[in-house]
Amino acid sequence: MELDRNFADAHAMIGLAKYIMGCGAETEGHVNQALRLSPRDTLAYRWLSPVGFSKLQVGADNEAVGWFLRSIEVNRNYPLVHFGLAAALALLGKLNDAYAAAKAGQALDSTFTIRRMKSMSIGNNATFLDGSRRILKGMRVAGVPEG
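So, a few notes on the structure that sits alongside this text. Each chain has its residues counted from 1, running along the sequence as written. Local features in this predicted model are restricted to residues of pLDDT 70 or higher, and side-chain atom pairs are both shown and tallied only at a pLDDT of 80 or more, whereas totals for entire chains, interfaces and linings draw on every residue. To obtain the side-chain values, all non-hydrogen atoms of the structure were included, while hydrogens and water were left out.

Here we come to the packing of helix 3 (residues 44–57) against helix 4 (residues 61–74). Axis definition: a line fitted to C-alpha atoms, over the contacting stretch in the case of helices. Angles run 0 to 180 degrees between N-to-C directions. In DSSP terms, a helix is any run of H or I states spanning at least four residues, a strand is any run of E spanning at least two, and both are numbered starting from the N terminus. Two elements in contact, helix 3 and helix 4, have axes whose closest approach is 8 Å; the angle formed by their N-to-C orientations is 165°. Our classification of the angle between helix 3 and helix 4 gives roughly antiparallel. Our pair here, helix 3 against helix 4, has a crossing hand that is left-handed. Two secondary-structure elements touch here, helix 3 through A44, Y45, L48, S49, V51, G52, F53, K55 and L56 and helix 4 through D61, E63, A64, W67, F68, R70, S71 and V74. What sets the label is the angle itself: under 35 degrees gives roughly parallel, over 145 gives roughly antiparallel, 65 to 115 gives roughly perpendicular, and the rest give oblique. Put simply, a crossing is left-handed when the front helix is turned counterclockwise from the back one by less than a right angle, and right-handed when it is turned clockwise. The contact rule is simple, with two residues in contact once any of their heavy atoms fall within 4.5 Å.

In this section: the packing of aromatic side chains. The description of an aromatic ring pair uses the distance of the two centres, along with the angle that the planes make with each other. Stacked, tilted and edge-to-face pairs are distinguished by plane angle, under 30 degrees for stacked and over 60 for edge-to-face with tilted covering the rest, among Phe, Tyr and Trp rings (Trp via its six-membered ring) whose centres lie within 6.5 Å. Considering all chains together, one arrives at four aromatic pairs under this definition. Residues Y45 and Y78 carry aromatic rings whose centres are separated by 5.1 Å and whose planes lie at 75° to one another, so their mutual orientation is edge-to-face. Residue Y45 is located in helix 3, and its partner Y78 is located in the loop between helix 4 and helix 5 (79–91); the two are separated by 33 residues in the primary sequence. Under the relative-accessibility criterion, Y45 is labelled buried at 16%. For a lysine, the NZ atom is tested; for an arginine, the CZ atom; a charge sits over a ring if that atom is within 6 Å of the ring centre and within 35 degrees of the ring normal. We note R70 situated over the ring of W67; from NZ or CZ to the ring centre the distance is 4.6 Å. Accessible area is worked out with a 1.4 Å probe on protein chains only. A residue is then buried under 20% of its type maximum, exposed over 50%, and partly exposed in between.

This part is about the environment of Q106. Among the structural elements, Q106 can be located in helix 6 (residues 95–108). Classification of Q106 as buried rests on a relative accessible area of 18%. Each C-alpha atom of the pair Q106 and L80 lies 9.6 Å from the other, and the pair is 26 residues apart in sequence. Beyond its immediate stretch of four places on either side in the chain, Q106 contacts F83, F112, V144 and P145.

This is the structure we're talking about:
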């Protein structure tokens, strides 16, 4: 199989795969390449959110907030990114902002719960699982329903 080096979505998906494999530190570079290739892509919000989650995976919570905010700027109607932002803000101790982000996510998807997020687990790498537990902890602190 050959990768079209100009296919932005492929670079973004490589970044997502790095996150799932527990190599979150490598996600940003791949997503940045996708953004260089297609800076106004309508899917950019979906590329930015895995960088936010990968930053949470490696404990770079301040950076995660920036990536989640960029994703929201591109598309405010993607609920998962609001919940990621809520987790990042909660882990930073910014509880009022975390509650507001969780509330915004719930307004977009009232059925979202931590149980549902856990059921969507897509990786079994130990680093990925540790990062996922950390993210879920942040969501709990932010007031995301357990379900």
